[in-house]
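# Remarks on the overall topology
Chain by chain, the residues run as shown.
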Amino acid sequence: VGDSTMASTTGYGDALCARFTPETSCVNLARGGRSSKSFRAEGRWDEVMGLLRDGAGFRKTYVLIQFGHNDQPGKPGRSTDYATEFPVNMKRYVEEAREAGGVPVLVTPITRRSFKGGYVHNDLAPWAATVRSIARDTKTPLVDLKAQSLAAVQAMGPKEADKMARTGSNFD
């Protein structure tokens, strides 16, 4: 579950699903423009919970959870405060996934391809730090895509990083 950076056609979610073996089911419910608040408000988390309840016969069901891009200020109906609302939302996803028999995996938001003065503008650092802290405090597995993507995009530089952009997608 997450935003456009993980969603079908605009993100990495489908490519990740394609890497699993045929006997592994992978459902990508991420949607563009969603935040840790709006994903739940739209009832999308209810869909995830239903799948967790229906999939009780599976050996394990992992729920990858990535938000942050649309939680930033200036996005009406989506913005959350990274010090108060965002941590509460993310902890709740972890707790509820576990209660429903899922194995939550927190994923830090990937970096944007925005450069200032030759360096990647690290505007998602507070949200990534919050996700890392929650993972540590709740003993939840973490995939730190923020650190990995920041290093990769910085190494590419602005011209190469812009080649990654898909027409019509700004990964926000």
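Preceding this paragraph is the structure being described.
## As for the packing of helix α4 (residues 85-99) against helix α5 (residues 125-138)
As a packed pair, α4 and α5 sit with axes 10 Å apart at the nearest point and diverge in direction by 40°. Taken as axis vectors, α4 and α5 run oblique relative to one another. The crossing of α4 and α5 is right-handed. Note on element contacts: α5 touches α4 through W127, T130, V131, I134 and T138, opposite F86, P87, M90, K91, V94 and R98.

## Concerning the nonpolar core
Core analysis: the largest hydrophobic core is formed by 20 residues, its most contacted members being W45, V48, I65, F67, M90 and L106. At the level of secondary structure, the elements contributing two or more residues to this core comprise α3 (44-54), β1 (62-65), α4 and α5. A total of five residues in this core trace back to one element, the largest contributor, which is α4. In contact with F67, not counting residues within four places along its chain, are V1, G2, D3, R34, S35, S36, F39, F86, M90, Y93, V107 and P109.

## Description of unusual backbone geometry
Trans peptide bonds make up the majority, and among non-glycine residues the majority have a negative phi. A positive phi angle, near 70°, is found at T9, a position not held by glycine. Considering the arrangement of structural elements, one finds T9 in the segment before α1 (13-18). Overall, T9 belongs to the exposed group, its relative accessible area being 63%. Of note in the backbone geometry, K139 takes a positive phi value of approximately 55° without being a glycine. Tracing the chain through its elements places K139 in the loop between α5 and β5 (142-143). For K139, a relative accessible area of 71% corresponds to the exposed category.

## Re the state of the cysteines
Summed over all chains, the structure comprises one disulfide. The side chain of C17 participates in a disulfide bridge whose partner is C26; the two sulfur atoms lie 1.9 Å from each other. Between C17 and C26, the disulfide has an S-S torsion of -55° and is therefore left-handed.

## Focus: the packing of α3 against α4
In the contact formed by α3 and α4, the axes pass within 10 Å of each other and the chain directions differ by 25°. In terms of orientation, α3 lies roughly parallel with respect to α4. Remark: the crossing between α3 and α4 carries right-handed chirality. For the pair formed by α3 and α4, the contact residues are W45, M49 and L52 on the first element and Y93, E96 and A97 on the second.

## Considering the side chain of S35
Along the chain, S35 falls in the loop between α1 and α2 (38-41). Given the relative accessible area of 0%, S35 is considered buried. Leaving out residues up to four positions away in the same chain, S35 has contacts with F67, N70, D71 and R78.

Calculation notes
Every residue gets a number counted from 1 within its own chain, in the order that chain's sequence is written. Given that this is a predicted model, residues contribute local features only at a pLDDT of at least 70 and side-chain atom pairs are listed and counted only at 80 or more, while totals for whole chains, interfaces and linings are drawn from all residues. Computation of side-chain values: all heavy atoms of the structure, hydrogens and water removed. Under this scheme, a helix contributes an axis fitted over its contacting stretch, all axes are lines through C-alpha atoms, and angles between N-to-C directions fall in the 0 to 180 degree range. A run of H or I in DSSP counts as a helix once it spans at least four residues, and a run of E counts as a strand once it spans at least two, with each numbered from the N terminus. Note on angle classes: values under 35 degrees are labelled roughly parallel, values over 145 roughly antiparallel, values of 65 to 115 roughly perpendicular, and the remainder oblique. Here is the rule for handedness: rotate from the far helix to the near one, and if that takes an anticlockwise turn smaller than a right angle the crossing is left-handed, while a clockwise turn gives right-handed. In this analysis, two residues are considered to be in contact whenever any of their non-hydrogen atoms come within 4.5 Å of each other. We call a set of buried Ala, Val, Leu, Ile, Met, Phe, Trp, Tyr and Cys residues a nonpolar core when their side-chain atoms join them within 4.5 Å. Think of it in three bands: residues with accessible area under 20% of the maximum for their type are buried, residues over 50% are exposed, and the middle band is partly exposed, with areas taken using a 1.4 Å probe on protein chains only. When the sulfur atoms of two cysteines come within 2.5 Å, that pair is taken as a disulfide.

Distances and angles like these do not, on their own, reveal function.
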